[in-house]
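Each chain is listed here by its residues.
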Amino acid sequence: MARPTDMFVWPARLLHWLMAILIIAMLFIGVGMVASVSERHDWLVRLHKPLGVAILLLAVVRLAVRLRHPPPPLPADLPLLQRWAALASHWLLYGLMLALPLVGWGMLSAGGYPVMLSHSLRLPAILPANAAVFAVLRHLHAWLALLLFVTFLGHLGAALYHGLVRRDGVLGSMVGWRPRG
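Note that this is a predicted model, so its numbers are computed, not measured. The numbers attached to residues start from 1 for each chain and follow its sequence in the written order. Side-chain atom pairs in this predicted model are given and counted only at pLDDT of 80 or more, local residue features only at pLDDT of at least 70, and totals for whole chains, interfaces and linings cover all residues. Values shown for side chains rest on all heavy atoms present in the structure; no hydrogens or waters enter the calculation.

Student: Honestly, the pattern of salt bridges in this entry has me stumped. Any pointers?
Tutor: Side chains carrying opposite charge are able to pair once their charged atoms draw close together. For this document, the term salt bridge refers to a Lys or Arg side-chain nitrogen within 4 Å of an Asp or Glu carboxyl oxygen. Scanning all chains against the criterion turns up two salt bridges. Across the salt bridge formed by D77 and R166, the nearest N and O atoms sit 2.7 Å from each other. Taken together, the residues D77 in the loop between α2 (40-68) and α3 (80-110) and R166 in helix α4 (residues 131-166) connect sequence positions 89 residues apart. Accessible area is worked out with a 1.4 Å probe on protein chains only. A residue is then buried under 20% of its type maximum, exposed over 50%, and partly exposed in between. Given a relative accessible area of 58%, D77 falls into the exposed group. Given a relative accessible area of 23%, R166 falls into the partly exposed group. Note that R166 is salt-bridged to D168, the shortest N-O span being 2.6 Å. Strands here mean DSSP runs of E at least two residues long; helices mean DSSP runs of H or I at least four residues long; both are numbered from the N terminus.

Right, dumping it as structure tokens:
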């Protein structure tokens, strides 16, 4: 078992795995929304909006937890380029977890669409209605989602590399265990 100083704090681990599930679900829901013209489309849209707001709120909490409890150090023998890639990809993930919901909210506001979290709970518009802004934000939202997917795959690949190839405890620090080596 890893020493507590070698692991992320439990709130960080809980938020990491919860958000991983939500983000994977959101990516599939988003693809389903743009690929469907059936009645399933409306159902997916009704799921997408509150899930996006939940991800935004959880990302703010997660960022606060990370700033309050810095992550454990990376292995000392990790090459500088990999250290830089780890740091850059983590901050990119945080940025995307914050930006994607805000761009989506702004896009819907600019399109004049309500952001309904339930039948009676509506978020205020954050931008005035503007068809040109809506079009730009719609494309930006799609590109940011693609960037999130690619970054997520890189993050997953790095986690598997650390857990299966290097066996250096990096994966264990987020899972809460370290394989015996």
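Next comes the rest of the write-up.
Student: Is there a simple way to think about α4 in this case?
Tutor: Every α-helix carries 3.6 residues per turn, so stepping three or four residues along brings you back to the same face. Multiplying one less than the number of residues by 1.5 Å gives the expected span of a helix. For α4, which comprises 36 residues, the first-to-last C-alpha distance of 50 Å matches the rise-based estimate of 52 Å (1.5 Å per residue) to within 8%. Every buried residue belonging to α4 is among L137, H141, L144, L148, T151, F152, H162 and G163, and all of these are buried. For α4, the secondary structure elements touched by its buried residues are α1 (10-35), α2, α3 and α5 (170-175). For the purposes of these results, a polar contact is taken to be a pair of N or O atoms within 3.5 Å, where, inside protein, one atom must be able to donate a hydrogen and its partner to accept one; residues adjacent in sequence count only when each atom of the pair is a side-chain atom. Among the residues of α4, the N-terminal cap falls to N130, whose side-chain oxygen and the backbone nitrogen of A132 are separated by 2.9 Å. One or two positions beyond α4, positive phi appears at R167, with a value near 50°. What makes two residues a contact is simply this: any of their non-hydrogen atoms within 4.5 Å.

Student: Got a minute to help me understand the side chain of H141 in this structure?
Tutor: The residue H141 is located in helix α4 in this model. H141 sits in the buried class, given a relative accessible area of 16%. Each residue touching H141, except ones within four places of it in the same chain, is listed here: H48, L100, V103, G104 and M107.

Student: Sorry if this is basic, but what is going on with the packing of α3 against α4 here?
Tutor: When two helices pack together, you describe them by how their axes are tilted relative to each other and by the distance separating the axes. Here an angle of 0 to 180 degrees is reported between the N-to-C directions of two axes, which are lines fitted to C-alpha atoms, with helices fitted over the stretch in contact. As a packed pair, α3 and α4 sit with axes 8 Å apart at the nearest point and diverge in direction by 150°. What the angle tells us is that α3 and α4 run roughly antiparallel. Crossing angle aside, the handedness with which α3 passes α4 is left-handed. Residue classes follow a fixed rule: Ala, Val, Leu, Ile, Met, Phe, Trp, Tyr, Cys and Pro count as nonpolar, while Asp, Glu, Lys and Arg count as charged, and any other residue, Gly among them, counts as polar. When grouped by side-chain class, the residues that make up the contact of α3 with α4 number 19 nonpolar, eight polar and one charged. Between 65 and 115 degrees an angle is taken as roughly perpendicular, under 35 as roughly parallel, over 145 as roughly antiparallel, and anywhere else as oblique. The sense of a crossing depends on the near helix, which, turned anticlockwise from the far helix by less than a right angle, makes the crossing left-handed and, turned clockwise, makes it right-handed.

These values are about where atoms sit, not about what they do.
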